[in-house]
Amino acid sequence: MSAIRNSAVLVTGGAMGIGRLMAERAVRGGARRVVIWDINAQTLEDTAAALRAMGSAQVDTQIVDVSNTDAIEAAAQET
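First things first, this report covers the structure right here in the doc. Computed from a predicted model, the values in this text were never measured in an experiment.

1. A closer look at the pattern of salt bridges
Then, number 1: Counted by the stated rule, this structure contains two salt bridges.
Then, number 2: Among the ionic pairs, arginine 20 bridges to glutamate 24, the shortest N-O distance being 3.0 Å. Of this pair, arginine 20 and glutamate 24 are both found in helix 1 (residues 17-28), four residues apart, which corresponds to roughly one turn of the helix.
Then, number 3: Salt-bridge contacts for arginine 33 lead to aspartate 60; the nearest nitrogen and oxygen are separated by 2.7 Å. Taken together, the residues span a long stretch of sequence, with arginine 33 in strand 2 (residues 33-38) and aspartate 60 in strand 3 (residues 58-63) at a distance of 27 residues.

2. So, the side chain of glutamate 24
Then, number 1: Look at glutamate 24 and you get buried, because its relative accessible area is 14%.
Then, number 2: Contacts of glutamate 24, omitting those with residues within four sequence positions, involve Leu51 and Met54.

What counts as what
Residues numbered from 1 in each chain as written. Predicted model: local features only at pLDDT ≥ 70, side-chain atom pairs only at ≥ 80, totals over all residues. Heavy atoms only, no water. Salt bridge = Lys/Arg side-chain N within 4 Å of Asp/Glu carboxyl O. Helix = DSSP H or I, 4+ residues; strand = E, 2+ residues; numbered from the N terminus. Buried < 20%, exposed > 50% of the residue type's maximum accessible area, 1.4 Å probe, protein only. Contact = heavy atoms within 4.5 Å.

Function cannot be inferred from these measures alone, as they are strictly geometric.
Next up, the structure:
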């Protein structure tokens, strides 16, 4: 995980399941910033709060439907 330390990490589907586990791993690994994209707004905010409580990483969220190319492009520009 040394490649993660002080990096910015983007996790799609990051509100639950494997995506959430990867976001948690990034925070534990010392990422400077973790951005999580998910379509489920409430779960996304719950996960972000849990990640923020775990460490010092800046945790940002975006509601993104990754099945929609336009949504992905817009979110990427915003990120």
